[in-house]
Amino acid sequence: MKKFVVYLLIMVSGLSAMAQEPDAAQLHETARQFMRTGDWTNAVLLLNKALAKEPGNLLVQKDLAMTYYYQRDFAKAKETMKTLVEREDADVQTYQIAGNIYKALEEGKECDKMYRKALKKYPNSGPLYAEYGELLWMQKDQSCVQQWEQGIQNDPNYAGNYYYAARFHYFSGDKVWPLLYGEMFVNMESYTNRTAEMKTLLLEGYKKLFTTDPKAKPAKQSPFSEAVFQTWNQNQAVTSAGITTETLVMLRTRFVLDWYKENGSKYPFRLFEHQRQLLQEGMFEAYNQWIFEAAGNLAGYENWTKVNTVQYNEFTRFQKAKIFKVPVGQYYRMN
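Residues numbered from 1 in each chain as written. Predicted model: local features only at pLDDT ≥ 70, side-chain atom pairs only at ≥ 80, totals over all residues. Heavy atoms only, no water.

Positive phi, normally seen in glycine, also occurs at R72, with a value near 70 degrees. Structurally, R72 is set in the loop between α4 (58-70) and α5 (74-84). Take R72: its relative accessible area is 63%, and that puts it in the exposed class. (Helix = DSSP H or I, 4+ residues; strand = E, 2+ residues; numbered from the N terminus. Buried < 20%, exposed > 50% of the residue type's maximum accessible area, 1.4 Å probe, protein only.)

Nonpolar side chains tend to gather and get buried jointly when the protein is soluble and globular. Counting 95 residues, the largest nonpolar core has L180, Y181, Y206, F224, W232 and F272 as its most contacted members. Here this core takes 8 residues from helix α10 (residues 159-171), the largest share from any one element. (Core = buried A, V, L, I, M, F, W, Y, C linked by side-chain atoms within 4.5 Å.)

Take the state of the cysteines next. A full pass over the atoms with the stated rule returns 0 disulfides. With no disulfide of its own, C111 lies closest to C144 among cysteine sulfurs, the gap being 14 Å. (Disulfide = S-S within 2.5 Å.)

Here we take up the confidence of the model for the chain. Per-residue confidence for the chain gives a mean pLDDT of 91; residues scoring 70 or more make up 91%. Averaged pLDDT values for the elements of the chain fall to 50 in helix α1 (residues 2-20) and rise to 98 in helix α11 (residues 177-188). Taken as a whole, residues 4-10 scores under 50 in pLDDT and shows 0 contacts with residues more than four places along the chain or in a different chain. (pLDDT = per-residue confidence, 0-100. Contact = heavy atoms within 4.5 Å.)

For the coordinates displayed, the defined rule picks out 35 aromatic pairs. Ring geometry for Y267 against Y332: centres 5.4 Å apart, planes inclined by 80 degrees, an arrangement best described as edge-to-face. Placement of the pair is Y267 in the loop between α14 (245-262) and α15 (270-280) and Y332 in the segment after α18 (309-321), with a sequence separation of 65 residues. Across the pair, exposure class does not vary: Y267 and Y332 are buried alike. Over the ring of Y163 we find R194, and its NZ or CZ is 4.4 Å from the ring centre. (Phe/Tyr/Trp six-rings, centres within 6.5 Å; stacked < 30°, edge-to-face > 60°. Lys NZ or Arg CZ within 6 Å of the ring centre and 35° of its normal.)

Take R254: it is sitting in helix α14. The class of R254 is partly exposed, set by a relative accessible area of 40%. Linking R254 and A75, residues 179 residues apart in sequence, is a C-alpha distance of 57 Å. Ignoring any residue separated from it by four or fewer positions in sequence, one finds R254 in contact with N235 and V238.

So, in structure tokens, the structure goes:
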């Protein structure tokens, strides 16, 4: 009987010890729960315990670096990341975290060097091109746009590069690419603060489309860009009374019809295919209302949705269900 009691006590003690000693995965998951609630101190505590059990765990180390970053302890964050970016298994997210830390520390040269290394390893990573371009923009380096363009070419379904490139080209005076990239962006990222910003840029871009500064030196355009502008230009008469949502619907409808008569087979382009589909399915007006009226006259847009409930609901269902994907190879900016 005594032996049984002793055995039972040993078993209970062992089970109790197991319950008190979670493994690295359990510690990591609990730490992530603390991260989600913004409790960085407890997150650091548990992540360090997890690393003590599994010192080489990349996921845990990345989360630890991010937690130090959110704590604004950038020195510890950098120390944690230093060895990670040298690892063979360092992934895109590893370099993204490191980039944020270097930017916070205003260590531009180190950050630049790190992004170059990352892009050699991951030459098709849209996020890395976007963030490297952002670093160059912060440094007032105009070559930033080359990174965003490369990101669009190599990873055409990452929205961030369209956002940055559209803004850059708009403020540089380009008339074609802000409108194309901006509209592609709002179809990829349809319901964020950046979407609202881009809709405003699109409306203002169309208002400037047919105005010409006689002192401005025309930028060299690719044959595709020239074809797009000429197709818009040959229909500009419909905007003679001003740029409104209604006149933009007319302009853009005529553009789609003319484009597919003259250039559709020569230049396959996902955005124009999307516009044509909406036109064929009777949702093109709702689509233009969603972009332009929402940007220029929100009260007017809300009134339109009430008067045209069926159209609005049909388009909204379509918009939320679709995935706007751009095939690789449909890049015409530099051609």
